[in-house]
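A closer look at the structure
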Amino acid sequence: MDPPNPKRPRNDPSLTSPGFSQSSVDTTISSFLSLSDLPLFSSPLSISCSFDRVLDKAIIPTSTDASDHDHDRFLDRTLQLASLLYNSTKRCIRKRATVQNSISWPLLPELTTKVFSMLDTKSLMQASVCCTMFNKCAMDRVCYSHIDLTMAANNVDNGVVCIMIHRAGKELRSLKLGCVSRSISVLTRSCLAPLSFNHGFAGGLLRSLHLYNLVLMPGKTLSAVLSVCANLTDLKVLGFISGDKVNSVEHLAPITRNCRLIENLFLANYGASDPATCSTVVEFVNNCPNLSSLTLLQFGVIDEIARTIIMGFRQLKYINLSGTFGISGSFLRDLGVSCRDSPLQTLLLCDCYHLKEREVLLFLNSLLAGDFKSIRHIDISSKHGLVSDRGTATFEPKFPIEELKKQKPGLTFVAIFPAPSSSSSELYTESTSSSGSSYYSYGEDEEEEGDDVSV
């Protein structure tokens, strides 16, 4: 896995001139370096003046056939020797400092490596350039088990990612790439290719992969990368693009086909997405028997698909289908008794354009009847409001808040609907923890805004 390290050329007797003796050269250099510092450099007898006299004598024109070219070669050779001596001295200083650091540093190399493995990637890089000893410890594979390059996204290209993955090798456990903000990262989809090198040597034990706004991350490319990540349990992709005019939902099955251990899946779709069929959703459900957290933002999910997902994932505790265009909420009505003992704790349906007020009301009534016993948080907030029975948007829905407070003391129900024609908004928040419940109202009057009225 490791590339061959460049080595200094060894002294091969077969390549040296006849009569060459390495020991004689070493003795000469040692005698030269052992020259006394006295007299002072300003004295005519100083080493500096000796250098001047020798060089001047060497380039004085004589009656021989020595040309200017020979003199130039002599001077170039002198500069080369001086440079070699200078570089050798620098290496010696670094070696000496390394030895001193090793003696004075209180931790053993193994403990130092352990400490470095707990640093974030940026801090690790800063520590590695402090000294040779730190650099050696920072090169251990275990220090690159958790790579996070999002903090320096503007300075990270595909080459840097390749080097980092190569250093981690089989120790790679988590990888975060891209720009967390909405701006597009300079990384391209090919930056993940090193995960597949050597039959997935680096990607085989990867547990967590987070990708933020990479340039063009279509479903097919992601599926190819994940084919070698059989131990992946956590996948997050912001900037997912379905590509090929295929609904984003259709890519869920290929993406998870080889990731049967996945527990947390977060995909944010930035491309257009039409409603999809349920053709591959069943395969997606069967691929991920351990899935407990699912977020599909702006995906082409319809009620039938949402029903299949919630009923299929028996360990699902968290689901976020915010920004979905095709959901009306009818899937909530059909779950009923079949999900009475469902482990689902959090349901987020924010900014779902076609979510109906009546369907939400029926769902809340089913909660009062004893369905979804484990649910603790519901959020249906929407800047579009809810669809009323008349087919128009309503920003003041009527929900059984008081009954929820009495019968579901541990439930948090959030429904924020900003008024479309003014800055005022209506906020229903049902938060009934052990400390009590509250109702918050933001009215048009500035003095009343933010008042907390106890119930």
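1. Looking at the overall build of the protein
Helix and strand counts for the protein come out as 15 helices and 15 strands. Evaluated residue by residue, the protein yields a buried proportion of 39% over its 455 residues. Here the contacts in the protein between residues at least 6 apart in sequence split such that 72% fall between residues at least 24 apart. With an accessible surface of roughly 25700 Å², the protein has 56% of that area assigned to carbon and sulfur atoms.

2. Quick look at the pattern of salt bridges
Enumeration according to the criterion identifies three salt bridges in this entry. Across the salt bridge formed by R257 and E283, the nearest N and O atoms sit 2.9 Å from each other. Of the two residues, R257 is situated in the loop between α10 (252-256) and β5 (264-269) and E283 in helix α11 (residues 281-287); the sequence distance between them amounts to 26 residues. On the accessibility criterion, R257 (41% relative accessible area) is partly exposed. Across the salt bridge formed by E359 and R333, the nearest N and O atoms sit 2.2 Å from each other. Here the residue E359 occupies a position in helix α14 (residues 357-368), and R333 occupies one in helix α13 (residues 330-335), the gap between them amounting to 26 residues. Overall, E359 belongs to the buried group, its relative accessible area being 5%. Since its relative accessible area comes to 46%, R333 is described here as partly exposed.

3. Digging into a nonpolar patch on the surface
Taken together, the side chains of I29, F32, L33, L35, F51 and L85 make up a nonpolar region of the molecular surface, amounting to roughly 530 Å² of accessible area. With three residues, the top contributor of residues to the nonpolar patch is helix α1 (residues 22-33). Given a relative accessible area of 35%, L85 falls into the partly exposed group.

4. Re the packing of aromatic side chains
The relative placement of two aromatic rings is captured by the distance of their centres and the angle of their planes. Applying the stated criterion across every chain, the model contains seven aromatic pairs. Measuring from ring centre to ring centre gives 5.5 Å for F325 and Y353, while their planes differ by 10°; the resulting arrangement is stacked. Taken together, the positions of F325 in the loop between β7 (318-320) and α13 and Y353 in the loop between β8 (346-348) and α14 put the pair 28 residues apart, joining distant regions of the chain. The class of Y353 is partly exposed, set by a relative accessible area of 41%.

5. Some thoughts on the side chain of T256
Looking at the secondary structure, you find T256 in helix α10. In this structure T256 touches L265, F284, N287 and C288, once residues within four positions along its chain are discounted.

6. Overview of the nonpolar core
Counting 87 residues, the largest nonpolar core has L294 and I380 as its most contacted members. In contact with L294, other than residues within four places in its own chain, are L265, F284, I309, F313, L316, Y318, I319 and N320.

7. Points about the pairing of strand β2 (residues 174-178)
The buried fraction of β2 is high, at four of five residues. Taken together, the three bridges between strand β1 (residues 146-148) and β2 define a ladder with parallel strand orientation. In the sheet register, H146 faces β2, and the bridge partner there is S174. Handedness of the crossover joining β1 and β2 through helix α7 (residues 158-168): right-handed.

8. Here's the deal with the confidence of the model for the protein
Looking at the protein as a whole, the pLDDT averages 80, with 78% of positions reaching at least 70. Per-element confidence in the protein ranges from a low mean pLDDT of 29 for strand β15 (residues 452-454) to a high of 96 for β7. In the predicted structure, residues 422-427 sits below a pLDDT of 50 and forms 16 contacts with residues beyond four places in sequence or in another chain. Segment residues 430-455 is flagged for pLDDT under 50; beyond a separation of four residues in sequence, or across chains, it makes 44 contacts in the model.

9. Looking at helix α4 (residues 109-116)
Among all positions of α4, only T112, T113 and F116 are buried. Buried positions in α4, seen along its axis, are confined to an arc of 100° and lie on one side of it. Among the structural elements, α5 (121-128) and α6 (132-138) are those in contact with the buried residues of α4.

10. Details of the state of the cysteines
If you walk through the whole model with that rule in mind, you get zero disulfides. C131 takes part in no disulfide bond, and the closest cysteine sulfur, belonging to C130, lies 6.4 Å away. Between C288, a free cysteine, and C259, which holds the nearest cysteine sulfur, the sulfur-to-sulfur gap is 7.8 Å.

11. A short note on the environment of S292
Tracing the backbone through its elements, the reader meets S292 in the loop between α11 and β6 (293-297). Sequence separation between S292 and N264 is 28 residues, and the spatial gap between their C-alpha atoms is 6.2 Å. Dropping the residues within four chain positions of it, S292 is found in contact with E263, N264, Q315, L316, K317 and Y318.

12. Description of unusual backbone geometry
We note that H199 has phi near 60°; this positive angle belongs to a residue other than glycine. Relative to the assigned elements, H199 resides in helix α8 (residues 197-200). The exposed category is assigned to H199, whose relative accessible area is 85%.

13. Some words on the side chain of D234
Its place among the elements puts D234 in strand β4 (residues 234-241). Among buried Asp, Glu, Lys and Arg side chains, D234 stands out as unpaired, with K176 the closest opposite charge at 7.2 Å. In this structure the side chain of D234 is engaged in a polar contact, spanning 3.0 Å, whose partner is the side chain of S208.

14. Some remarks on the environment of S388
With respect to the element layout, S388 can be found in the loop between β10 (386-387) and β11 (393-394). With relative accessibility at 9%, the residue S388 sits in the buried group. C-alpha separation for the pair S388 and R358, spaced 30 residues apart in sequence, amounts to 7.0 Å. Setting aside residues up to four positions removed in sequence, S388 forms contacts with E357 and T394.

What counts and how
Residues numbered from 1 in each chain as written. Predicted model: local features only at pLDDT ≥ 70, side-chain atom pairs only at ≥ 80, totals over all residues. Heavy atoms only, no water. Helix = DSSP H or I, 4+ residues; strand = E, 2+ residues; numbered from the N terminus. Buried < 20%, exposed > 50% of the residue type's maximum accessible area, 1.4 Å probe, protein only. Contact = heavy atoms within 4.5 Å. Areas by Shrake-Rupley, 256 points an atom, 1.4 Å probe, with all protein chains shown as cover. Salt bridge = Lys/Arg side-chain N within 4 Å of Asp/Glu carboxyl O. Patch = residues over 30% accessible without salt bridge, like charges linked within 9 Å, V, L, I, M, F, W, Y side chains within 5 Å. Phe/Tyr/Trp six-rings, centres within 6.5 Å; stacked < 30°, edge-to-face > 60°. Core = buried A, V, L, I, M, F, W, Y, C linked by side-chain atoms within 4.5 Å. Pairing = 2+ DSSP bridges. Right-handed = clockwise from strand over helix to strand, strands pointing away. pLDDT = per-residue confidence, 0-100. Arc of directions from axis to C-beta. Disulfide = S-S within 2.5 Å. Lys, Arg positive; Asp, Glu negative; His and termini not counted. Polar contact = N/O pair within 3.5 Å; in protein donor to acceptor, adjacent residues only side chain to side chain.

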